[in-house]
Amino acid sequence: MSPTPASSVQEGASGFASTGPAGHRGRMRQRVLAHGAGGLADYELLEMLLFYGVPRRDTKPLAKSLINQFGSLSAVLDSAPAVLQGAGVPHGAAALCAQLPDVAACLVRDSGSRRVYLGDWDSLLQYCNTVLRAVERPQMRMLLLDSRNTLLADEPLAGAMPKAKPAAEFVQQTVAHVLQRALEVQACAVVSVYLAEPGQDEQTLLQTCAPFVTGLRKSAPLLAISLHDHLVVGANAWASARQKATDW
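A brief report on the enclosed structure follows.

**Observations concerning the pattern of salt bridges**
The final tally for this structure, using the stated rule, is five salt bridges. Taking the shortest distance from any N to any O, the salt bridge between Arg141 and Asp154 comes out at 2.7 Å. Highlighted residues: Arg141 in strand 2 (residues 139-145) and Asp154 in strand 3 (residues 151-156), separated in sequence by 13 residues. Between Arg181 and Glu184 there is a salt bridge, with its nearest N and O atoms 2.5 Å apart. Residue Arg181 and its partner Glu184 are located together in helix 8 (residues 168-184), separated by three residues, close to a single helical turn. A cluster of three or more residues bridged by salt bridges with shared partners is formed by Glu155, Arg181 and Glu184.

Right, here's the structure in full:
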């Protein structure tokens, strides 16, 4: 996981200078047919989603305006239909957009033998924002990976909630549990994730989890297991222990 973004990221750091000029649906569809949707910009993907609720009007200005207003494509899709309608999205398109995160989560869960790759920031955060989106918060989870950074197991850490001063025994037991499970599934790496509830500060939670992270960093290499990172993921921001450490 080599990229080095800021330790706490609020999505959508940059906006569009303007929302025009108007585009053409036929040209967009031809691009997708010829090259697939992977090469489209975020606003272009949103533009095409809006086709289904805006039948006879160019949707590019609305798509760019929404990303400017909400900060990112994922923030738009994570908004309630009523919020999207308040921003100018027609009823049908708002309902469709609001369902996409749940659809994406189902696709990941149902991928069968094709394991989920979590070896970079984008894939890891996408997993947290889709598959773990509906998980009850606050909660700590451990993601156990193989040598290719694909997911072997995603499990909760029962009772592993940040406390003001976690007891040393509690930290040791939690670290031991993570490593035991890693050995049982033959994992080569671990990513621990704390899913914060609204109102919790990501940086404060990261500091609270520091004893657990330190203990896992010291013990995991003894078993040939790597701790890739410990993340605190909030509703619109995240923080990384790896990015805060100078000697990771």
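**Re the pairing of strand 6 (residues 237-240)**
A regular strand carries its side chains on alternate faces of the sheet. Neither face of strand 6 is left uncovered, since the one carrying Ala237 and Ala239 and the one carrying Trp238 and Ser240 both have all their residues buried. In the sheet, strand 5 (residues 226-233) pairs with strand 6 via three bridges, with the strands oriented antiparallel. Of the residues in strand 6, the one forming a bridge with Val232 is Ala239. Taking the residues that link successive antiparallel strands as the turn, the strand 5-strand 6 hairpin has three residues.

**Topic: the pairing of strand 2**
Burial runs high along strand 2: seven of the seven residues are buried. Neither face of strand 2 is open: one carries Gln139, Arg141, Leu143 and Leu145, the other Met140, Met142 and Leu144, and all of them are buried. Examined bridge by bridge, strand 2 and strand 3 share five bridges and lie antiparallel to one another. Bridging from a neighbouring strand, Leu145 pairs with Leu151 of strand 3. Counting the residues that bridge the hairpin from strand 2 to strand 3 gives five residues, and of these Asn149 lies at a positive phi of roughly 60°.

**So, the packing of aromatic side chains**
Following the criterion strictly, the structure yields one aromatic pair and no others. Positioned above the aromatic ring of Tyr43, the side-chain terminus of Lys64 is 4.6 Å from the ring centre. The cationic tip of Arg217 hangs over the ring face of Trp248; the distance from NZ or CZ to the ring centre is 4.3 Å.

**Concerning the nonpolar core**
Formed by 26 residues in total, the largest nonpolar core has its most connected members in Leu144, Val178, Val190, Phe212 and Leu216. Counting residues per element, the ones that place at least two in this core are strand 2, helix 8, strand 4 (189-195), helix 9 (202-208), helix 10 (210-219) and strand 5. It is helix 8 that provides the largest number of residues to this core, a total of five residues. Once residues within four sequence positions are removed from consideration, Val178 is found in contact with Met142, Leu157, Val190, Phe212 and Leu216. With 19 residues, the next largest nonpolar core counts Leu124, Val131, Ala189 and Val193 among its residues.

About the criteria used
Residues numbered from 1 in each chain as written. Predicted model: local features only at pLDDT ≥ 70, side-chain atom pairs only at ≥ 80, totals over all residues. Heavy atoms only, no water. Salt bridge = Lys/Arg side-chain N within 4 Å of Asp/Glu carboxyl O. Helix = DSSP H or I, 4+ residues; strand = E, 2+ residues; numbered from the N terminus. Buried < 20%, exposed > 50% of the residue type's maximum accessible area, 1.4 Å probe, protein only. Pairing = 2+ DSSP bridges. Phe/Tyr/Trp six-rings, centres within 6.5 Å; stacked < 30°, edge-to-face > 60°. Lys NZ or Arg CZ within 6 Å of the ring centre and 35° of its normal. Core = buried A, V, L, I, M, F, W, Y, C linked by side-chain atoms within 4.5 Å. Contact = heavy atoms within 4.5 Å.

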